[in-house]
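Remarks on the overall topology
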Amino acid sequence: MDEEIVNRVANSDLITIDLADYAPKLQILEFNLKQFLFEGFILKEKEFRKTLKEFDFTIYTNKVVALICSSDAIFPMWAYMLATSYLNKVGHEIHFGTKNEVFQKLFLQNIERINPAKFENKKVIVKGCGHIPLTEALYIAITKKLQNTVSSLMFGEACSAVPVFKKK
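Here's what I pulled together on the structure shown here.

Conventions and cut-offs
All residue numbers refer to positions counted from 1 along the written sequence of the respective chain. Under the rules for a predicted model, residues below a pLDDT of 70 receive no local features and side-chain atom pairs below 80 are neither given nor counted, while totals for whole chains, interfaces and linings still include all residues. Only hydrogens and water are removed before side-chain values are computed, so all heavy atoms of the structure are retained for them. Between any two strands, pairing holds if DSSP finds at least two bridges. Only runs of H or I of at least four residues qualify as helices and only runs of E of at least two qualify as strands under DSSP, and these elements are numbered from the N terminus. Orient the strands so they point away from the viewer, and a crossover whose first-strand-to-second-strand path over the helix runs clockwise is right-handed. Helix axes are fitted only over the stretch in contact, all axes being lines through C-alpha atoms; the angle between N-to-C directions runs from 0 to 180 degrees. An angle below 35 degrees is treated as roughly parallel, one above 145 as roughly antiparallel, one from 65 to 115 as roughly perpendicular, and anything else as oblique. The crossing is said to be left-handed when, going from far helix to near helix, the turn is anticlockwise and less than a right angle, and right-handed when the turn is clockwise. By the convention used here, residues are in contact when the closest approach between their heavy atoms is within 4.5 Å. Only Asp, Glu, Lys and Arg are considered charged in this grouping, and only Ala, Val, Leu, Ile, Met, Phe, Trp, Tyr, Cys and Pro are considered nonpolar; every other residue, Gly among them, is considered polar.

A word on the pairing of strand 6 (residues 152-155). The side chains of a regular strand alternate, residue by residue, between the two faces of the sheet. Where strand 5 (residues 123-126) meets strand 6, four bridges bridge the pair, whose relative direction is parallel. Within the sheet, the bridge partner assigned to V124 lies in strand 6 and is L153. The parallel pair strand 5 and strand 6, bridged by helix 5 (residues 136-146), forms a crossover whose chirality is right-handed. Across four bridges, the pairing between strand 6 and strand 7 (residues 162-166) is antiparallel. For S152, the partnering residue across the bridge sits in strand 7 and is K166. Where strand 6 hands over to strand 7, the hairpin turn is made up of six residues, of which G156 adopts a positive phi near 115 degrees.

Structure below.
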């Protein structure tokens, strides 16, 4: 019995998508405005403006900036605008939120940029595990993006894929 072992998965027309391939590549740094508040809670306009003006923003050069104020202080909108005006001179992109929130936002944007025509009438498997923690929102986004294009959509690995959608 000298039968050749055939890898049916490799020879199939399955396309595997690893969502980690769509993770943001640029470094994201958090800029917390709490550090510019008096005692971490009070915004004194004159001091706020002065400390922002004297702050060295160069560490944010060509980085994605997650702009946040982690204090429970009442923080006026103009203060976010003022901080952004300084960050805008050095940062690649500026987004409101924590570092993780901005990471997820950019991740979703990358999924939205996928051209679904590449997967027209294909059998697609979305990998279920990897080295980057993936949220439910990412799996929802890829499903919404591909469902009306693919012939079938599955989750997991080729050897144990869970069917999600199949075109009738």
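There is more to say after this.
What follows deals with the packing of helix 4 (residues 99-112) against helix 5. Interaxial distance between helix 4 and helix 5 falls to 10 Å at its minimum, and their mutual angle equals 15 degrees. Classified by the interaxial angle, the pair formed by helix 4 and helix 5 is roughly parallel. Viewed along their axes, helix 4 and helix 5 form a crossing whose handedness is right-handed. Contacts between helix 4 and helix 5 involve Q104, F107, L108, I111 and E112 from the former and A137, L138, A141, I142 and K145 from the latter. Looking at side-chain class alone, the contact of helix 4 with helix 5 contains seven nonpolar, one polar and two charged residues.

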